[in-house]
Amino acid sequence: MRKVLFASSEVHPLIKTGGLADVSASLPIALHKQGHDVRIILPAYRQCLEALTEFHTVATIKLDGYHSPIEIIQSTLPDTDVTLWLVNSPEHFDRNGGAYGPKSGGDWEDNAARFALFSRAIAAVAMNQGQLDWLPEILHCNDWQTGLAPALIADLPNRPATIFTIHNLAYQGLYPRSSFDALDLPKSFWHSEGLEFYDMLSFMKGGLNYSDHITTVSPTYADEICTYEFGYGLEGLLVERAKQGELTGIINGIDLDEWNPETDKALTKNYSAHTIRNKLANKTALQQHFALPLKEDVLVIGLISRLVSQKGIDLSIDAIATLLDADENIQLVCLGSGEASFEQDLRVLRARYPDKVGVTIGYDEHLAHQIEAGSDVFLMPSRFEPCGLNQLYSLRYGTLPIVRNTGGLADSVVDASGDDLKHNLATGFKFEAATAEALEETLLRAIALFRHPRIWRRLILTAMEQNYSWEKSSQSYQELYDSLIVKLAR
Ligand code: ADP
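What you see is a predicted model; the values in this text were computed from it and never measured.

Student: Please clarify how the domain arrangement of the protein chain should be interpreted in this entry.
Tutor: Accessible area lost during the coming together of the parts is what is often quoted as the interface size. Entries for the protein chain in the domain assignment read domain 1 (3-253 + 471-489) and domain 2 (273-467). Spacing between the C-alpha centres of domain 1 and domain 2 amounts to 33 Å. Each partner contributes to the interface: domain 1 provides 21 residues, whereas domain 2 provides 17 residues. Contact between domain 1 and domain 2 buries roughly 1,400 Å² in total, counting both sides, with carbon and sulfur atoms accounting for 56%. Taken as a group, Lys16, Thr220 and Ile251 account for 23% of the area that domain 1 buries against domain 2, more than any other trio of residues on that side.

Student: I tried to follow the pairing of strand S6 (residues 138-142) on my own but got confused; where do I start?
Tutor: Each regular strand shows side chains that alternate between the opposite faces of the sheet. Of all five residues that make up S6, five are buried, and the element is covered over most of its length. Two elements, strand S1 (residues 3-7) and S6, share four bridges in a ladder whose sense is parallel. Bridging across to S6, valine 4 finds its partner in isoleucine 138. The pairing of S6 with strand S7 (residues 161-166) spans five bridges and is parallel.

Student: How do you make sense of the pairing of strand S14 (residues 330-338) when you look at a structure like this?
Tutor: For S14, a buried count of seven out of nine residues is recorded, marking the element as mostly surrounded by other parts of the structure. Strand direction decides the pairing type here: strand S13 (residues 299-307) and S14, joined by nine bridges, are parallel. Bridge pairing links valine 300 to glutamine 331 in S14. Once you follow S13 into helix H12 (residues 313-325) and on to S14, the crossover reads as right-handed. With five bridges joining them, S14 and strand S15 (residues 357-361) adopt parallel strand pairing. Paired with leucine 335 across the strands is threonine 360, a residue of S15. In this view, the connection linking S14 to its parallel neighbour S15 by way of helix H13 (residues 340-352) has right-handed handedness.

Student: Please explain the site of the ligand as it appears in this structure.
Tutor: Residues in close proximity to the ligand total 19 residues, the closest being Gly19, Asp22, Arg306, Lys311 and Gly362. Note that an oxygen atom of the ligand is positioned 2.6 Å from one of the backbone N or O atoms of glycine 19. A distance of 3.0 Å separates an oxygen atom of the ligand from a polar backbone atom of leucine 389. Coverage of the ligand by the protein amounts to 93% of the 570 Å² it exposes when considered alone. Those elements that provide at least two residues to the shell around the ligand are helix H1 (19-33), S13, S14 and helix H15 (390-396). With three residues, S13 is the largest single contributor of residues to the shell around the ligand. Looking at the shell around the ligand, its residues break down into seven nonpolar, seven polar and five charged.

Student: Explain unusual backbone geometry to me, please; I cannot follow it from the model alone.
Tutor: Most peptide bonds adopt trans geometry, and most residues besides glycine take a negative phi value. Residue proline 13 is reached from histidine 12 by a cis peptide bond, and omega for that bond is 5°. You can see proline 13 is positioned in the loop between S1 and H1. For aspartate 79, which is not glycine, the phi dihedral falls at a positive 65°. Mapped onto the fold, aspartate 79 is located in the loop between strand S4 (70-76) and strand S5 (83-88). In this model, aspartate 327 sits at a positive phi of 60°, which is unusual for a non-glycine residue. Within the secondary structure, aspartate 327 is located in the loop between H12 and S14. Aspartate 327 sits in the exposed class, given a relative accessible area of 58%.

Reading the values: the criteria
In every chain, residue numbers begin from 1 and rise along the written sequence. Whole-chain, interface and lining totals are the exception, using all residues; otherwise, since this is a predicted model, local features are given only for residues with pLDDT of at least 70 and side-chain atom pairs are given and counted only at 80 or more. Excluded from the side-chain calculation are hydrogens and water; included are all heavy atoms of the structure. Domain limits in this description derive from either an automatic procedure or a database domain assignment. Any two residues having at least one pair of non-hydrogen atoms within 4.5 Å are treated as being in contact. Put simply, buried area is the surface a 1.4 Å probe can reach on two separate parts but cannot reach once they are joined, added for both. Classification of residues uses two cut-offs on accessible area relative to the type maximum, computed with a 1.4 Å probe and protein chains only: under 20% is buried, over 50% is exposed, and between them is partly exposed. Working definition: helices are DSSP H or I runs of at least four residues, strands are E runs of at least two. Numbering for both runs from the N terminus. Note on pairing: two strands pair once DSSP finds at least 2 bridges between them. Handedness rule for crossovers: strands pointing away from the viewer, path from the first strand over the helix to the second running clockwise, crossover right-handed. Each residue is tested against the molecule or strand, and it is near if at least one of its non-hydrogen atoms lies within 4 Å. For the purposes of these results, a polar contact is taken to be a pair of N or O atoms within 3.5 Å, where, inside protein, one atom must be able to donate a hydrogen and its partner to accept one; residues adjacent in sequence count only when each atom of the pair is a side-chain atom. Residue burial considers only the protein chains on display, and all accessible areas are found by Shrake-Rupley using a 1.4 Å probe. Amino acids are sorted into nonpolar (Ala, Val, Leu, Ile, Met, Phe, Trp, Tyr, Cys and Pro), charged (Asp, Glu, Lys and Arg) and polar (every other residue, Gly among them).

Here you go:
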């Protein structure tokens with residue numbers, strides 16, 4: 001049994017902007033089920049306290065450089081016994097809006113201060129300061145918002161082993177030098193092997209340079225971030241860590257209870273690999289929801305995404321528009337929010353093809369489940385994708401993913417072609433070039449195979465047989481925890 005402090009800036013179902021939240025719930029739950037003592041530490045955002053029914057203050061900690069002490073509020077992750085510690089600093093987290101910015105978009109102006117405070121609180125709890133009487137053996141930090149914590153404890157005696165997981169290297173927490181000064185961080189951190197990144201303060205570099213081990217969320221992304229194309233100037237550092245055996249790619253698992261077509265309450269009709277015919281009722285309901293013609297023979301293409309360039313939204317819009325112009329037998333159902341120009345482009349597509357395209361701009365978990373169940377294929381042509389969860393949910397729901405061959409998408413989808421198709425190993429469609437033409441060709445391949453119900457059914461069944469539970473991946477984390485504890489003790 002290991003004692004693990006798991007630090008994250010978002011945790012499903014309390015606060016979520018993307019896959020980080022799903023993983024920050026499902027991985028601790030999996031570790032807890034396997035007997036480990038895991039405590040999650042998260043900022044006490046207003047919506048988290050509003051969503052929790054029972055909580056109480058268990059510690060008050062005076063952090064270096066702050067006038068008011070912070071509180072640690074204890075609760076449990078909803079519907080589980082996993083302990084949750086919320087860092088309460090109303091000045092930083094009690095506000096109307098999201099985790100990183102106001103509802104109207106953009107970032108909170110004081111994010112550097114907010115997540116520096118969060119990191120200092122993580123460091124204090126990891127060092128057992130503040131009456132909690134619990135010293136973890138492992139501090140597991142996630143993404144830049146927690147990046148200063150490993151740096152703050154790196155030189156302290158009797159500290160836990162530290163691991164830093166990159167969920168997306170594109171978001172680094174970069175701030176001007178003046179922020180570094182304002183945050184009153186140790187001057188010894190200001191160098192290129194510390195927190196400095198070309199005269200900027202990099203929260204991400206805290207995690208990358210000071211943690212004992214770095215992981216990222218798929219083996220292919222672990223290789224990709226060591227290259228110029230995906231490394232954002234951090235590839236040199238990452239290559240060095242990789243050479244030392246200190247960078248590992250571990251593919252994310254999914255919560256099999258939350259994403260289960262047999263029991264999912266959001267569905268019109270539940271189904272399994274044995275009752276695959278019932279998937280059709282969800283397709284009809286989805287068409288009804290989006291006021292599209294109720295047709296069985298049309299290929300329904302689902303898309304759920306943050307609407308940002310990373311996700312290849314422009315490729316999707318261009319390729320689908322071309323296919324609709326050519327009168328292909330397809331429908332697109334789309335749920336997402338993000339950059340205003342992509343939201344507008346989708347609305348325009350809907351206006352041009354009202355009986356072929358359904359669009360909901362916004363965030364809607366219920367509808368996300370219905371799209372996973374009711375679509376025939378799921379579109380995810382990401383330019384880069386550290387792991388990606390929606391393609392894993394799609395596999396489980398027998399909705400064949402159409403993906404670019406990158407990151408976790410490369411690791412989790414087998415293209416329906418050649419020997420893999422012949423030997424029933426294929427689970428979806430993959431393409432290389434990040435162009436609308438390459439996506440269009442791939443969509444045409446899917447449309448062609450969709451006309452062969454027996455082959456299509458085989459693809460669905462193989463997809464549904466894939467096992468992306470946390471069982472295997474959480475085992476990899478446990479082995480890593482064990483080896484780090486041994487290494488630190490030496
Ligand atoms: P990322 O973390 O880069 O956004 P992932 O595929 O790893 O991408 O995770 C995205 C998660 O967010 C999935 O659980 C997905 O269903 C969910 N999601 C994204 N956009 C929406 C939306 N508009 N409504 C509901 N869920 C969404």
